[in-house]
Amino acid sequence: MLRGDVGLELGQRVARALRVALDVDITAEEALIRPSNRDGADYQCNVAMSLAKKIGKNPREVAALIVEHLDAQDAIETPEIAGPGFINLKLRREWLEAQAASLVGDSRLGVPETDEPRRIAIDYSSPNVAKEMHVGHLRSTIIGDAFCRLLTFAGHEVIPHNHLGDWGTPFGMLIEHLTDEGQGAEHEISDLNAFYQQARQKFDSDPGFADRARRRVVLLQGGDEATLKLWHELVGESQRHFNQIYELLGIGLSAGDNYGESFYNPYLADTITELQQKGLIETSDGALCVFPPGFSNREGDRLPLIVRKSDGGYGYATTDFATVRYWVRDRKVDELIYVVGTPQSQHFQMIFATSKQAGWLDDAHTAVHTGFGTILGADGKTIRTRAGGTIKLIDLLTEAVENAYKVMPETSDVEGADKDALARTIGLGAVKYADLSNDREKDYVFTWEKMLAHTGDTSVYIQYAIARINAIGRMVGRVPADDAPLILQEQAERDLALKLLQLPTAIQAAIDELAPHKLTNYLFETATAFTAFYSSASVSKAETQELQDSRLQLLALTSRVLTLGLSLLGIGAPERL
Ligand code: ARG
């Protein structure tokens, strides 16, 4: 039994009733208990309709049988059957009070740990060395970080890894450019994009340079020490830029989590040999290719992934095969999650299809690509600077923090360094929340006004709710005893308590569907339930001390639920604003 999850508890009871009445076996989830506010109900049970078809009975008849055999007098009022066979369930007040009170001493607020822990590798952020991170990497970083937090909290073992683009032919020209600049160890590349473009330009216009660059690639791949040293310098330089962003955003990725393309270099030849032994490789125009089943172009020709080019070089796909093989075989993970933009969807589907043929992936070793849409500017096109250039992440994040000062309350008594920390929590939280609260697969429009609004579905609204709750606590100046009873007198406090009990379902949905917006929706609804409570039930002027204690308790729980929810998304909750 999942403690605290009211819907599942009711589901269990409905399942029991069905066993007794009809000798039918279903799980608590299959009882289809959904929150509802029809006809004064708290939940609605929808199983009668789907079950009736299966067992050849009338749905209302099935509903009546469930109601007749339901052993739940302690938890609910007499159920009512509505429409084609919905069962309306209204919780008894005392039962709801006891359920909510059980959250007080529970550090997990009713959220169970999984009984099937998996070992999960998450590929996220994954920017390219010697290039600035762009907004696509921002989405990957924010979403991947939320996955890590959610899955870890649920009790899974999570291994984050950063699949840096740190290898391949561009490094020939980048290293040559670095040597030309000749600034050695104290060299500092302040503008990665400009550095990359200069190298590119020289490569395109100066055949001598292009020759040197090509020779450099051979040296790099051959492991030439001097070349590797320069390559390390470039990687280190980029790492400094990435770390700056990770630190600002509070992302847990560090150098120890780097598994860049270069890491897999020693595994590439073996990976290809294995594909060859399994009969999966064909030669086409001198290149070695695989043809994953089920992929063809409009003309019906099979689509290849090239694993070794005709010049002997390896590519992006080769590395990704080695990646799957490494994590499943050497690191023994059960699941691979790739947080990479939707344009790479076909690439991953093809990688996974061939990996199944190779036996690296199977029913017990799965891989999923969680794509995401584009961040759009107000004009509905990919977000750009005013001058039309690509946005540097660091500039965007700096602007977020600057804007956050503007939404702090004028009455705020937070000062100095605390104020700067607060601005970061608000501003960067808003950027993360705006991203996570949109359906991951969709594009979304980036607007400061919307994401920093005090009302509506924003982190600012939720952070304000938490700060207000803390302020009420300070104002009343009393801390109720842990076992102070909860008294759910007003409708608004009943609604709020019920919401608090639905946290496990929200977290489960966010995990099952790898959809953080399921959790943000819940947090927004909970903050809204708090606002309604706050405007209809007074805490400081509660009629009795018992009632005041109960309300303080309910608010403390609300603050804990909101704070935990935000933290699972990587968003902070300031004590005060
Ligand atoms: N570096 C790549 C890019 O910026 C993303 C890498 C994603 N991960 C992978 N295993 N291919 O597009």
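Our structure is the block above this text.
Now for a quick tour of the structure. (Residues numbered from 1 in each chain as written. Predicted model: local features only at pLDDT ≥ 70, side-chain atom pairs only at ≥ 80, totals over all residues. Heavy atoms only, no water.)

Section: the nonpolar core
Link 1 in the chain: Core analysis: the largest hydrophobic core is formed by 131 residues, its most contacted members being Ile122 and Leu519.
Link 2 in the chain: Residues contacting Leu519, with those up to four places away along its chain left out, are Leu150, Leu503, Ala506, Ile507, Ala510, Gly565, Leu568 and Leu569.
Link 3 in the chain: Residues Tyr264, Leu288, Tyr326 and Ala358 belong to the second largest nonpolar core, which totals 33 residues. (Core = buried A, V, L, I, M, F, W, Y, C linked by side-chain atoms within 4.5 Å. Buried < 20%, exposed > 50% of the residue type's maximum accessible area, 1.4 Å probe, protein only. Contact = heavy atoms within 4.5 Å.)

What to know about the site of the ligand
Link 1 in the chain: The ligand sits among Asp123, Ser126, Asn128, His137, His163, Tyr316, Asp320, Tyr338, Val340, Gln344 and Phe348.
Link 2 in the chain: Taking Asp320, its side chain carries an N or O atom lying 2.8 Å from a nitrogen atom of the ligand.
Link 3 in the chain: When grouped by side-chain class, the residues that make up the shell around the ligand number 4 nonpolar, 5 polar and 2 charged. (Near = heavy atom within 4 Å. Polar contact = N/O pair within 3.5 Å; in protein donor to acceptor, adjacent residues only side chain to side chain. Nonpolar A, V, L, I, M, F, W, Y, C, P; charged D, E, K, R; others polar.)

Topic: unusual backbone geometry
Link 1 in the chain: In the Ramachandran plot, Leu32 falls in the positive-phi region, its phi being about 50° despite a non-glycine side chain.
Link 2 in the chain: Within the secondary structure, Leu32 sits in the loop between α1 (6-22) and β1 (33-35).
Link 3 in the chain: Positive phi is not limited to glycine here, since Ser126 has a value of about 45°. (Helix = DSSP H or I, 4+ residues; strand = E, 2+ residues; numbered from the N terminus.)

Description of the sheet that holds strand β2 (residues 43-45)
Backbone hydrogen bonds are what pair the strands of a sheet, in a parallel or an antiparallel way.
Link 1 in the chain: Here 4 strands make up an open sheet; going across it, the order is β1-β2-β4-β3 and the pairing antiparallel. The sheet is open, and its two borders are formed by β1 and β3 (80-82), each paired with just one other strand. Recorded for the sheet is a direction-independent mean angle of 35° between the axes of neighbouring strands. (Pairing = 2+ DSSP bridges. Axes fitted to C-alpha atoms, helices over the stretch in contact; angles between N-to-C directions.)

Points about helix α18 (residues 503-512)
Link 1 in the chain: Here α18 lies mainly inside the structure; 7 of its 10 residues are buried.
Link 2 in the chain: Those residues of α18 that sit buried are Leu503, Pro504, Ala506, Ile507, Ala509, Ala510 and Ile511.
Link 3 in the chain: Among the structural elements, α5 (135-153), α17 (491-500), α19 (517-536) and α20 (545-567) are those in contact with the buried residues of α18.
Link 4 in the chain: Leu514 sits one or two residues past α18 and shows a positive phi near 45°.

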